[in-house]
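The primary structure of each chain is shown beneath.
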Amino acid sequence: MKKCLTCLFLLLLTLLWAGCMNDDSLYDFHKMVVNKKGHAVFIVNEGNFMYGNASLSYYNPQKDEVLNDIFYNTNALPLGDVATSMIIHDSLGYVVVNNSGKIYIINVNTFKYVGKITGLTSPRNIYFVNRHKAYVTDLYAKAITIVDPATRQVTGSISIDNHNPEFYQHSSEQMVFLGKYAFVNSWSYDNKILVINTLTDKLVDSVTVVKQPNSMVMDKNNKLWVLSDGGFKGSAYGQDTSALTRIDPLTRKVEKVFHFPDMEASPTGLCINTAGDSLFFLYGSWAGGAVSHAGVYALPVDARILPDRPLIPQGNHLFYALGIDPGSSHIYVSDARDFLSRGAVYVFSHRDVMLDSLRVGIIPGSFCFK
Amino acid sequence: MKIPALFIGLFITLGLQAQMLPDTVSIPEVEVRSKVDVAGAGLVQHPVDTLVMMQEAEASLSDLLAAHTSVFIKSEGRGALATASFRGTDASHTQVYWNGMDIQSPMLGQVDFSQIPVFLMDKVVLHPGAGSVVDGSGGLGGSIDLASSPAWTQKLQINGMAALGSWLTFNNYLGVKAGTQHFQTSTRLYYNRSKNDFPFYNKNVADIDPKTGEYIFPLQRNEHADYLLDGLLQGFAFRFRKKYLLQLNYWYQHSDRSLPRLNTYEGDDHANLSRQNQQTHRATAQLTRFGKKGRLDVNLGFQAENMIFQVQNQVGGRGYYDAVYSDSRTLGSYNKLEYSYRWNKKTLLKASYRFNYVHVNTYDSVNRTGYDQFRRRHALVASWQQYLGSRFSTMALLRKEWINNTSLPLIPYFGFNWDVDEKAKLVLHGNITRNYHYPSLNDLYWQPGGNPALKPEEGVASELGIGWQPKIKKVSLETSLSLFYNNITNWILWVPSPLGYWSPENIQHVVARGFEVKVNLNFSIRKIYFFLKSSYAFTKSTNEGDAGKWGTASVGKQIPYVPVHSGNFMGEVRWKGFFLTWVNTSYSERFTTSSNDLNLRDRLYPYFMNDLYAGKKFPLKKGNLSLQLKIYNLFNETYRSVLGRPMPGRNYLLMFTFRL
């Protein structure tokens, strides 16, 4: 009988030991406390879709300092699922977390979470019109959401639904402002640049471009440049050769179209330098496809033909996102590697000399320059 | 009458350990003359204990496998997608057969084990590693054979269960079977549903208290996670002209469930609403002709599935718009003709021809993307099982397959069993095979991103093991140890591209090796019966790919979501009809990145789950009743199974079972 009792006792001990999953340890840790002033670059790491492992990295080029997971380490909260962009406004950083339907607001020096804008559908980017009005672009809302940055509340929306029964239109991606107008590219199964009157918050016009415009910039001559990837092979929406289009935003007319000859090409990430006289973009293909001479391309805004060789060849890397530091004009390009491990960021001078390389978070997808 | 029955019995016994599970029909006249079991030569298989299956009858197959086998189950949450993987491989490397028919989705290339009720199965047999090629190719990790083939009866038998669980969970099952000497019928009906809205403190989102600045974590419910699973399984079996056995089975299932959002979601309540509705029809016909020395099997299988996946968003007060409405229809025909010839007591030869045809038509009416593709697969298989002496048996197998017009390289298999000590039941076994896993139709044709240039994944699997069942007075002890090595090249991985398109590529070389230990112990002390079952697996499954492509950080690292250590334990005590069962399932840390980064945010810390069952069985004149209470997550622990998904705290299921 004693033996039985001993056995039972040991069994109970094992039971107690077995109940030891300590979930609280993931949140109760010594949080990072910093106050990082001055010039820096935030790298927004998308993370894997449906993993909720997006993150934010910090890089100070002067001090060659890299801090990863700054949002989680400072706030003991995960950033969310698929962080797509960040913008700084009034010393606050607005980090858009697409598949979590929210925008986190942080102090850009301490990285502390100070607020959030929630209740969004599938936000992509946020743009500030004035102190009390910001626009949030969205992949699925068929509307541009209007928020008040002061109260962090949704105050309205601008419908961009075209009631097309064939495709889910319009989505909104990026915005470029000129005067009282905002130009918005509709990327997903679409070919429109929408024109919004920021005074009336109404959709007033649109410009048709090559299929799937994914990024836009305004040059020194106030010309709007639009990069279209052309869609994908087999799409019911059709596929165009990808193209770079110049639009006069005043007349809303297409002035010039540079077509990329290779149907496999899906260029992305159109950027412009501080002077507004050189365009940069990533030339590559969707995963699975392949193009010759993939890499970072540069093009003067007055060029007559597309360049045939990259400024920075992709080589063995998988270039994913591109950014130009408005202060130094340095080129930041990210490498998503295998998409399941921490990616890399390479920093080049504007003359393609590599200045630095850093390891950041999973799928580094955009840059925000402080 | 007795002679044909004897043949039937002998062949059934020979078939028990090897081939298609339909062979395992039990017929009362079974009589075994030969000690030589040619059909088991060199094969490793782990049947799940039928008593355990009865105890877990109301559960899903994913719950059964997680708690009682060394198969790793990756579960997205209660009632949600659950996939199974063997020995450090991917879920797509686990082939699943029901009554000999491949039930892996040709579209997705995997099976959702949360959608298979244990109640429908009479046998669940695992074939880890090389042994899977006997049933079919593609199981680089292994295969799972499921059989709905109840024991032969000549009377009316009714059994069923009614279970009521936490969060409006209802699991109801009814089975009726009856028969004569020549005919059997078995009907099983089931209806399961759950609101599944368990509460949880969400520590992945927080509001800031305006006064104190402290976080306020919301107490939320697991919304949009309800599920419904119902269906029926009808089986008939006929024995005629003394040497024929015909078995017919039809299984219809309807599943409707919400797919919850991640716990970091704070978007619009009326956005990102996902739902999946699935209707599946499966039918098998198996005709066996028993001859003096030969046996002919003709198996026909049919599967039709219609799956609708929908994502909705409310748009500006104008109602709900579909962002995705994907209607996928799958048709499959699975056929086998096999002849087994028993040359003598020590030699068994088999040859078979198999032909499978699958057709997938999938279309998203929102984005107007989809594909309409088919696949024909022919296979010729020949095997030779041979006893050398009375204790050493071997099996050699060759499989040749053609997919559409592509010829796959030959798949050879060799295995052996050596009865080292017959008294102590000390058996040494080993096997090696080459294997191929052809990409799923989604891998090849999904729009956008499908990659028609994908190569098949190629694996070489090998195993060496020992089993020992020593005779000890009043104690039943069963132990086994297996070492395995699995080398897989051209591993397929889906990777995203900018702006959200995903595409699969052959980019990984994986080596999985390790060992598995199993110990089962049964004994009694003064009419108190103890049943202890335990297993442990050590699995090192590492990425051996090109460092140039992967970066040095990922090469040599453990594959994401594969635990190095995994184990489970079941201890049961029975006394005068009362029983108390403790089930523990444990995994070591799983990594979510290929570089095995250690950060708290993405940490899937070691998992120790404890469940407790208690009940009493009441014997009746004919049959029995039982009442059982199951307590899941006994210690009410907050834990993670995958990232971003809440898991339920302590929950209960009260179950009434009857067998008349």
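Residues numbered from 1 in each chain as written. Chains lettered and ligands numbered in written order. Predicted model: local features only at pLDDT ≥ 70, side-chain atom pairs only at ≥ 80, totals over all residues. Heavy atoms only, no water.

### Focus on the side chain of B:T542
Then, number 1: Secondary-structure assignment places B:T542 in strand β30 (residues 528-543).
Then, number 2: Among all residues touching B:T542, those that are not within four sequence positions of it are B:H509, B:V510, B:V511, B:R513, B:G556, B:K557, B:Q558 and B:I559. (Helix = DSSP H or I, 4+ residues; strand = E, 2+ residues; numbered from the N terminus. Contact = heavy atoms within 4.5 Å.)

### A few points about the domain arrangement of chain A
Residues and elements named next belong to chain A.
Then, number 1: By the assigned domains, chain A splits into domain 1 (32-159 + 357-370) and domain 2 (166-315).
Then, number 2: The gap between the C-alpha centroids of domain 1 and domain 2 is 24 Å.
Then, number 3: Taken together, the contact pairs 16 residues of domain 1 with 18 residues of domain 2.
Then, number 4: For the interface between domain 1 and domain 2, the tally reads two salt bridges.
Then, number 5: Two residues, K133 and D201, come together in a salt bridge whose shortest N-O distance is 2.7 Å.
Then, number 6: For the pair domain 1 and domain 2, the interface holds nine residue pairs in polar contact (both at pLDDT 80 or more).
Then, number 7: Among the elements of the structure, β8 (123-130), β9 (133-138), β10 (143-148) and β11 (153-159) are those that each provide at least two residues to the side of domain 1 that touches domain 2. (Domains from an automatic or database assignment. Salt bridge = Lys/Arg side-chain N within 4 Å of Asp/Glu carboxyl O. Polar contact = N/O pair within 3.5 Å; in protein donor to acceptor, adjacent residues only side chain to side chain.)

### Details of the pairing of strand β28 (residues 364-369) of chain A
Residue and element names in this part refer to chain A.
Then, number 1: Counting buried residues in β28 gives five out of six residues, a clear majority hidden from the surface.
Then, number 2: Pairing analysis gives five bridges linking strand β1 (residues 41-45) to β28, with the strands arranged antiparallel. In the sheet register, N45 faces β28, and the bridge partner there is P364. (Buried < 20%, exposed > 50% of the residue type's maximum accessible area, 1.4 Å probe, protein only. Pairing = 2+ DSSP bridges.)

### Let's talk about the nonpolar core
Then, number 1: B:L61, B:M121, B:V124 and B:L146 are the most contacted members of the largest nonpolar core, which totals 61 residues.
Then, number 2: At five residues, the largest contribution of residues to this core is made by helix α3 (residues 61-68) of chain B.
Then, number 3: Those residues within four positions of B:L61 in sequence are excluded, and the remaining contacts are B:F113, B:I116, B:V118, B:V124 and B:L146.
Then, number 4: Judged by nonpolar contacts, the second largest core, of 26 residues, contains A:Y332, A:A336, A:L340 and A:L358. (Core = buried A, V, L, I, M, F, W, Y, C linked by side-chain atoms within 4.5 Å.)

### Observations regarding the packing of aromatic side chains
Then, number 1: According to the stated counting rule, one finds 50 aromatic pairs over all chains in the structure shown.
Then, number 2: With centroids separated by 5.1 Å and ring planes inclined at 80°, the aromatic side chains of A:Y104 and A:Y113 adopt a geometry described as edge-to-face. Grouping residues by exposure puts A:Y104 and A:Y113 together as buried.
Then, number 3: Ring plane angle 40° and centroid distance 4.8 Å describe the contact between B:F119 and B:Y173, whose orientation is recorded as tilted. With B:F119 in the loop between β5 (101-102) and β6 (123-128) and B:Y173 in strand β9 (residues 169-179), the pair connects residues that are 54 residues apart, well separated along the chain.
Then, number 4: B:F119 sits in the buried class, given a relative accessible area of 9%.
Then, number 5: By relative accessible area, B:Y173 is classed as buried at 4%. (Phe/Tyr/Trp six-rings, centres within 6.5 Å; stacked < 30°, edge-to-face > 60°.)

### Some words on the sheet that holds strand β16 (residues 213-218) of chain A
All names here are of chain A.
Then, number 1: The sheet built from four strands is open, its strands ordered β16-β17-β18-β19 with antiparallel pairing. Each edge of the open sheet carries a strand with a single partner, namely β16 and β19 (253-259). Ignoring which end each strand starts from, the neighbouring axes of this sheet average 20° apart.
Then, number 2: Bridging between strand β17 (residues 224-228) and strand β18 (residues 243-248) involves five bridges; their strand directions are antiparallel. (Axes fitted to C-alpha atoms, helices over the stretch in contact; angles between N-to-C directions.)

### Overview of the interface of chain A and chain B
Then, number 1: Across the boundary between the two partners, chain A contributes 83 residues, which contact 75 residues of chain B.
Then, number 2: Together, A:M21, A:Y51 and A:Y168 form the three largest contributors to the area buried by chain A at its contact with chain B, with a combined 11%.
Then, number 3: Residue B:D207 pairs with A:K116 through a salt bridge whose shortest N-O separation is 3.2 Å.
Then, number 4: Our count for the contact surface shared by chain A and chain B stands at 24 residue pairs in polar contact (both at pLDDT 80 or more). (Buried area = accessible area lost by both parts, 1.4 Å probe.)

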